[in-house]
Amino acid sequence: MDTATSDTALRFFKAGGFNQLCLEKAEDIRLVLDLDETLWVASSCPVKGLDIDERTLALIDSDTDGRIRPPEIKGAIRWLSEVMADYSSLVEGRDWIELGQLNEADERGAALKKSAQRILANLGRPESEKIALADALDRSGIFAQVKSNGDGVIPEEAAETEETKQVIRDIIKTIGGVADLGGAQGVTADKVNEFYKAAQEFLDWWVQGYPADTVHQPGYVPPVKESTELSLEDAIEKGSEAEAAVEADADTQKPADPQLPERDPAIFPLGADTPAAYGAVEALRGKINEFFAQKRIAAFDSKAVTFLNFRESDLIEGGKRDQASLQEVMRELPLAHVSADADLPLEQGVNPVYADALLALKLRAVRPLLGDLDKLTPTTWSELQDKLQGYANWINAKKGAAVESLGAARLGAILSGPEKAAIEALIQVDSALAGEIKAVEEVEKLLRYHRDLFRLLNNVISFPEFYDTDKQAIFQTGSLIIDGCELTMCVEVIDKVAHPVIAEKSGIYLVYLEAKRKDQPAPINVCAAVTSRSAGRISVGKNGVFYDRKGRDWDAKVTKVIVNPISLREAAWAPFRAIGDLITSQIEKITQSRQKAIEKEISSSLTAMDQNVAQQPPKETETKSSGGGMGMGGMLAGGGVAIAALSSSFAYIAQQVRNLPDIYFVYTALLIIFFVVAPSVLLGFFKLRARDIGMILEASGWAINGRMRINLKLAHDLTHVGKFPKGSTRVHYEYLSEDGRTRRRRFWAWFALGSILIGGSLWWFTYEYSATRARNSDQAPVVVPVVEEAAK
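Reading the values: the criteria
Residues numbered from 1 in each chain as written. Predicted model: local features only at pLDDT ≥ 70, side-chain atom pairs only at ≥ 80, totals over all residues. Heavy atoms only, no water. Helix = DSSP H or I, 4+ residues; strand = E, 2+ residues; numbered from the N terminus. Buried < 20%, exposed > 50% of the residue type's maximum accessible area, 1.4 Å probe, protein only. Contact = heavy atoms within 4.5 Å. Lys, Arg positive; Asp, Glu negative; His and termini not counted. Salt bridge = Lys/Arg side-chain N within 4 Å of Asp/Glu carboxyl O. Polar contact = N/O pair within 3.5 Å; in protein donor to acceptor, adjacent residues only side chain to side chain. pLDDT = per-residue confidence, 0-100.

### Considering the overall build of the protein
Next up, step 1: Each helix and strand in the protein was counted, giving 28 helices and 20 strands.
Next up, step 2: The buried share among the 792 residues of the protein stands at 38%.
Next up, step 3: Looking at the protein alone, contacts between residues at least 24 apart form 68% of all its contacts between residues at least 6 apart.

### Considering the environment of isoleucine 168
Next up, step 1: Mapped onto the elements of the fold, isoleucine 168 is located in helix α7 (residues 162-174).
Next up, step 2: When the C-alpha atoms of isoleucine 168 and glutamate 156 are compared, they prove to be 5.9 Å apart, with 12 residues separating the residues in sequence.
Next up, step 3: Ignoring anything within four residues of it in the chain, the contact list for isoleucine 168 reads Ile154, Pro155, Glu156, Ala159, Val187 and Ile423.

### Structural notes on the side chain of aspartate 61
Next up, step 1: Residue position: aspartate 61 is located in the loop between α2 (54-60) and β4 (67-68).
Next up, step 2: One buried charged side chain, aspartate 61, makes no salt bridge at all; its nearest oppositely charged neighbour is arginine 69, positioned 5.7 Å away.
Next up, step 3: Of the polar contacts made by the side chain of aspartate 61, one reaches the backbone nitrogen of aspartate 65; its length is 3.2 Å.
Next up, step 4: Engagement of the side chain of aspartate 61 in a polar contact is seen with the backbone nitrogen of glycine 66, the distance being 2.9 Å.
Next up, step 5: Contact partners of aspartate 61, with chain neighbours within four places excluded, come to Val47, Gly66, Arg67, Ile68 and Glu72.

### Examining the confidence of the model for the protein
Next up, step 1: Scored by pLDDT, the protein comes out at a mean of 79, with 74% of its residues at no less than 70.
Next up, step 2: Every residue in residues 224-228 is under pLDDT 50, and counting partners more than four places away or in other chains gives 2 contacts.
Next up, step 3: Throughout residues 619-632 the model reports pLDDT below 50, and contacts reaching past four residues in sequence, or to other chains, amount to 9 contacts.

### As for unusual backbone geometry
Next up, step 1: Positive phi is not limited to glycine here, since threonine 64 has a value of about 50°.
Next up, step 2: Checked against the element boundaries, threonine 64 lands in the loop between α2 and β4.
Next up, step 3: Residue threonine 64 is classed as exposed on the basis of its relative accessible area of 64%.
Next up, step 4: A positive phi is found at aspartate 483, a non-glycine position, where the angle reads about 50°.
Next up, step 5: Summarising the element assignment, aspartate 483 is placed in the loop between β12 (478-482) and β13 (485-487).

Structure (structure tokens):
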């Protein structure tokens, strides 16, 4: 759609102080492509914690960074509008479409229709013209005819015959397996090629020592991948043929495993005993070479004989060691006593640590190859090695050692059998299935976009669901019942530390809570906004009940509170609460201070009294006690002075108020209330107007482009206080017993009588006292004389 057409069709609505695009019809989604991104309410949003399937959001999140941005949303709009010829049903948010809605003129749309038809056919509904998301998710039903899952790994369960399964087990045993999506061990194409190559290399090496062996096969050549891909049906058919060939091969009469054939005498001079002879030589090769080297040193300098052989110091040191340590010492010594003319004995006079190895060398190698010798000279040692050199060269040239444990006969049978073709057919089926699965995933993507994309746009481009009190936006995670109200502006908190730092800038009274549920492995953290009424008793530690989007109830406990203004009523009462708190705190301070002073005076008086009683006669003690210091009388006098001062002050205030005309009294009272309440209400108004829901979303990972204000109606809707249903009646104390109602009436009667008496007494005392003092002092203020008198 061109820009000019888009501009003429753009319609906006204003909510929360932000102009937002109207998305009412499915055709409106094309308008988003030309809309300036600064006019989007949100430039990005997270893929987690929203009331939209995370799988849908993950499909839109093409770069898999956990956030959805405008280019990704625009890409989803373009793709959907191009593969669908008719997408008018997007507004309904349904999870199914009719095949006729797909755009066959578009290559991708035609492929989607073909894939959808194949899915329906596999599910047994080839005539159906509708496909639902549940159909695309039914993988077991769609691919019921194959045992693969398209991951490139073939477990033994995918094979039909026991022979093919055994070859797969052999590959896993020797080369190693790979875990498939279900966790089972299987083989891949690379593993199969590696196994068969190693098997062929081992047999190529094997026949050099056993030239008459009939298990040898021609050189192994890894298969070349075909340029054309098989369809799933063709691959299944080919696999069935390969498995049938395996079954036919298994049914044929096979010869018994052949005995080891005739060996090459140049490699096996002792026939079957050659490996044992070679092993005996290899076990002592290093020590024997070392012995003859030491012999040459001794022949060069006779002084080296003492150094090379077992010395007296070694004997003394050895006597202090345990058997294990002594063995280590002996292992470092020569095979026998070294001298210039000594040969290597094979039995007598040898190092006891190597006695068994030397005897094995004599019996397995020296005697069969050189005759019954008791000693080895450098010449006979060299001759012995030469006789076994052919075997040494052959054994060192071994290849395919990884599969050697299976044996040449088994490897020959595997190479000549049809199992390899069966496994390759299974790999082709799996490869074809991977393509089919990708096609099914495209159909799933189409159905998810059809269900969720329009709603996502109405929660990113604009927020009509949030400002519509009959709906909930995708970021609202549930509701909290606490302290007699329901808070519906709740968002999930991923980072408990970072979220409050940003969210406190919203200017909203926020309650953080931890919600737990027995059937859930971990608690969730939620931030709830209090937007009307008063904070009440909501504080840290307060319990409540949280209901998530699915209606499940969670035990909730408040963990943090961010205090901000909630309503104008609360702002109006704030000064009086502050004054009340101030008066209360001051009274508590005065009371505590006076109580401490009285306790101190009483303690001092009692201490002085005890001292006077111990030092002076009783009469003198009484006089001194009554006159010395402040004492109890001083305290009473001080208390009287305080009472007199307060009474006179009260009387003065009452007299001044009484002298004012009624109209001035009312005016003064209203003026005082205005100057106390007005600043608080005005300040509260501006703070409430500045409240911004967007900052709460910013803390949850959104990128909001403008301020999201809360109007009065929305504030009341987000914090719901229950009301009595129509027709309800209030029962007055009927739940109490007759005796309880009598005690309640009696309490209120005495309370009223006491209040009247106290009020009347105070009025009479104030009136009489003020009148008397006025007559005596010609209307002079009564506060100063009383205070002066009290001071005297």
